[in-house]
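One letter stands for each residue in the lines below.
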Number of protein chains: 2
Amino acid sequence: MATVSRVLNDTAVVKDETKKRVLDAIAKLSYRPNAVARGLASKRTKTIGVIVPDVSAAFMAELVRGIEDVARMYHYHIILCNSDGLLAREVDLIGTMWEKQVDGIIFMSPALTSEHVNTFEEAQIPIVLCRTDDPEGRIPSVNIDNAGASVDAVNYLHKKGRTKIAFLGSIHHEGTLTSERRRGYVAEMKNRNLTPIFIDTAREEYQEALLAVRTHVTMEPIDAILAANDEMAIAAIHAILDEKKSVPKDIAVVGFDNTKLSMMARPELTTIAQPMYDYGAVAMRFMTKLLQDEPISTFRVVLPHQILEHASSADV
Amino acid sequence: MATVSRVLNDTAVVKDETKKRVLDAIAKLSYRPNAVARGLASKRTKTIGVIVPDVSAAFMAELVRGIEDVARMYHYHIILCNSDGLLAREVDLIGTMWEKQVDGIIFMSPALTSEHVNTFEEAQIPIVLCRTDDPEGRIPSVNIDNAGASVDAVNYLHKKGRTKIAFLGSIHHEGTLTSERRRGYVAEMKNRNLTPIFIDTAREEYQEALLAVRTHVTMEPIDAILAANDEMAIAAIHAILDEKKSVPKDIAVVGFDNTKLSMMARPELTTIAQPMYDYGAVAMRFMTKLLQDEPISTFRVVLPHQILEHASSADV
DNA sequence: CTGTTAGCGCCTTCAG
DNA sequence: CTGAAGGCGCTAACAG
């Protein structure tokens with residue numbers, strides 16, 4: 001019994017011959033170790049809880065894929081849960097993860113509150129925030145510099161001679177992805193003595209953005225739109241075309257996230273690339289370091305971003 | 001100890017007062033039952049294994065979301081794994097699921113082989129195939145009638161006066177989704193005395209489809225394209241526009257799957273709707289019935305499909 | 001290097 | 001209606 005455990009986990013030296021006998025028996029009986037029993041005895045389940053707002057959102061699936069790939073590399077599995085970004089559900093899920101004795105949690109949320117942090121501490125489980133900013137930096141996280149990316153985008157557009165640059169996004173509370181992007185946008189617009197223009201929607205979604213841009217375009221002259229994400233950016237392109245204006249001639253459009261959508265738009269969409277897959281992959285790798293007490297250089301990993309220029313903002 | 005178990009699982013009558021005392025204690029100690037121990041003792045983990053080729057593929061995330069939503073309703077959780085459609089990996093994953101003592105497996109694969117079936121039987125775990133056809137109907141499954149959908153599409157296009165209808169898809173082995181769709185296409189073309197035209201790609205992916213259609217359009221006159229999925233259909237639209245032809249005037253385009261992409265294309269894409277979310281939801285609901293020995297009317301659930309007409313195939 | 005012995009935290013009889 | 005006792009299948013000391 002114990003010897004079998006030893007060869008299976010390679011946790012101590014076993015004589016070659018005995019090892020062979022064990023392996024043979026295992027094969028003959030087509031024995032499979034019971035991971036649940038193993039988890040109970042060892043206190044480690046080789047399972048990571050993944051809490052995301054919504055897997056079916058444009059980019060999330062890629063991110064999850066990144067997590068899962070790295071997880072497999074390290075012999076972990078993932079339990080996937082959707083929170084819809086609801087605080088109550090998120091807190092509940094963290095509790096459930098605890099019950100399930102996951103070894104760690106990769107957590108994504110539109111906005112982190114102190115209630116989250118409390119729950120994390122209570123649960124005593126290693127956490128990695130992914131694409132979720134903790135302004136106070138209490139929790140390990142993997143992010144990009146969203147505000148900085150907006151700054152870059154405004155720079156980029158202004159250098160191309162655009163001055164009436166609008167920001168298309170929803171209005172959320174503080175600590176949101178979009179709010180960070182908006183913050184960078186506002187800062188750089190002011191920095192360049194340009195007047196910020198806002199096209200606001202209730203939710204970040206194609207149809208709403210389509211309508212918002214359509215009406216806005218007829219009311220106020222603008223020559224560029226920076227959208228909070230690709231889906232809205234594409235809505236902007238279509239809205240502009242619907243209003244018989246031209247992209248990029250009349251209005252340049254820049255998106256955010258570099259989802260597959262960006263290259264499926266006509267004109268192809270200039271977008272700020274976040275490595276979605278890497279997001280997940282890096283977060284999971286980070287997790288494994290935490291779990292194996294590997295040394296880590298920083299608790300706040302910042303992934304690089306980059307403007308991918310396509311036709312939607314090309315020189316006219 | 002035993003009484004606590006009884007109140008937690010509501011598995012026997014407990015005096016109201018004792019129940020209250022237990023609940024109070026639980027709250028005071030912020031006690032959480034250990035799901036792993038529970039799983040070991042009860043032989044049920046309340047966990048479902050979900051094996052999919054690739055979550056990050058266009059529609060899969062929606063499907064997974066459907067699974068997860070219904071799973072939560074019934075207090076299950078899901079372990080998500082990507083197989084990349086590789087037989088070896090799929091078999092391996094089924095084994096792992098067994099070790100993890102999942103209560104059931106929802107399985108998706110581009111093509112089911114007898115090796116799969118053997119592994120299922122060996123593992124002795126309830127299985128539900130999802131969007132995966134078992135030609136011999138040995139395993140419970142949730143599908144649409146793919147061949148029938150293609151028949152409908154050809155009908156639809158022919159009634160609109162199109163006669164040179166091409167099928168855009170990759171060449172796979174038998175038992176594939178695309179092969180079913182192709183089968184229906186061929187059958188109905190012949191049935192109507194039309195000559196099947198094939199635009200083949202190696203993989204089912206935007207870039208390849210784009211190139212394939214571009215070159216094909218210049219070589220052979222066609223007036224309609226039925227694509228194996230939306231992504232390829234959008235590639236077709238763009239390829240046609242790139243070649244200075246018009247959609248739908250010169251060539252009508254019909255896609256498959258009704259992913260979000262379809263409404264983000266210009267012209268908007270006519271597509272054969274499969275309820276992706278429902279796919280997952282129904283499969284998971286099916287699973288719960290299996291697990292609770294509820295009566296089930298049929299082992300092969302066939303979901304309805306429907307042609308959603310948009311501009312890409314509108315009357316000219 | 002290998003067998004023996006305790007648990008891991010819960011569920012499930014079995015008495016009372 | 002409630003407590004006591006055994007066991008789920010494995011890991012982790014402990015001897016030998």
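Residues numbered from 1 in each chain as written. Chains lettered and ligands numbered in written order. Predicted model: local features only at pLDDT ≥ 70, side-chain atom pairs only at ≥ 80, totals over all residues. Heavy atoms only, no water.

You'll find chain A entered in an unreviewed UniProt entry as Catabolite control protein A, with Ferroacidibacillus organovorans given as the organism.

*Asks:* Which parts of the structure should I look at to understand the protein's contact with DNA strand D?
*Replies:* Neighbouring residues of DNA strand D: 22 residues in total, closest Ser5(A), Tyr31(A), Arg38(A), Thr18(B) and Lys43(B). Looking at DNA strand D alone, sugar and phosphate atoms form 68% of those within 4 Å of the protein. Residue Lys15(B) places a main-chain N or O atom 2.8 Å away from a phosphate oxygen belonging to DNA strand D. Here the surface near DNA strand D is built from residues that sort into 10 nonpolar, six polar and six charged. (Near = heavy atom within 4 Å. Polar contact = N/O pair within 3.5 Å; in protein donor to acceptor, adjacent residues only side chain to side chain. Nonpolar A, V, L, I, M, F, W, Y, C, P; charged D, E, K, R; others polar.)

*Asks:* Explanation requested: the environment of Asn191(B) in the structure shown.
*Replies:* Residues and elements named next belong to chain B. Looking at the element boundaries, Asn191 is found in helix α8 (residues 177–191). Separated by 40 residues in sequence, Asn191 and Val151 place their C-alpha atoms 9.8 Å apart. Looking at Asn191, its side chain comes within polar contact range of the side chain of Glu188, at 3.2 Å. (Helix = DSSP H or I, 4+ residues; strand = E, 2+ residues; numbered from the N terminus.)

*Asks:* When you look at the interface of chain B and chain A in this model, what are you seeing that I'm missing?
*Replies:* The parts lose accessible area when they come together, and the size of an interface is often stated as this lost area. Opposite the 50 residues of chain B that make contact, chain A presents 50 residues. Between the two partners, chain B and chain A, sit eight salt bridges. A salt bridge links Asp84(A) to Arg65(B); the nearest nitrogen and oxygen atoms lie 2.8 Å apart. Where chain B meets chain A, there are 24 residue pairs in polar contact (both at pLDDT 80 or more). Among the secondary structure elements, those contributing two or more residues to the side of chain B that touches chain A are α3 (35–42), α4 (60–73), β2 (77–82), α5 (87–99), α9 (206–219), α10 (230–242) and α11 (261–264) of chain B. Split into classes, the residues belonging to the side of chain B that touches chain A amount to 21 nonpolar, 13 polar and 16 charged. Here strand β2 (residues 77–82) of chain A runs beside β2(B); their pairing, made up of three bridges, is antiparallel. Bridging from a neighbouring strand, Leu80(A) pairs with Ile78(B) of β2(B). (Contact = heavy atoms within 4.5 Å. Salt bridge = Lys/Arg side-chain N within 4 Å of Asp/Glu carboxyl O. Pairing = 2+ DSSP bridges.)

*Asks:* In this structure, what is going on with the side chain of Thr271(B)? I would like to understand it.
*Replies:* All names here are of chain B. Residue placement: Thr271 occurs in strand β10 (residues 270–273). Polar side-chain contacts of Thr271 include one of 3.0 Å to the backbone nitrogen of Asn258. Those residues in contact with Thr271, other than ones at most four positions away along the chain, are Asp230, Gly255, Phe256, Asp257, Asn258, Ser262, Gln306, Ile307 and Leu308.

*Asks:* Looking at this structure, I do not really get the packing of α5(B) against helix α6 (residues 114–123) of chain B. What am I missing?
*Replies:* Packed helices, taken two at a time, are described by the angle between their axes plus the distance between the axes. Residues and elements named next belong to chain B. In the contact formed by α5 and α6, the axes pass within 10 Å of each other and the chain directions differ by 10 degrees. Classified by the interaxial angle, the pair formed by α5 and α6 is roughly parallel. Along the contact surface, α5 presents Leu87, Glu90, Val91, Ile94 and Trp98, while α6 presents Glu115, His116, Thr119, Phe120, Glu122 and Ala123. Of the residues that constitute the contact of α5 with α6, the class distribution is six nonpolar, two polar and three charged. (Axes fitted to C-alpha atoms, helices over the stretch in contact; angles between N-to-C directions. Parallel < 35°, antiparallel > 145°, perpendicular 65-115°, else oblique.)

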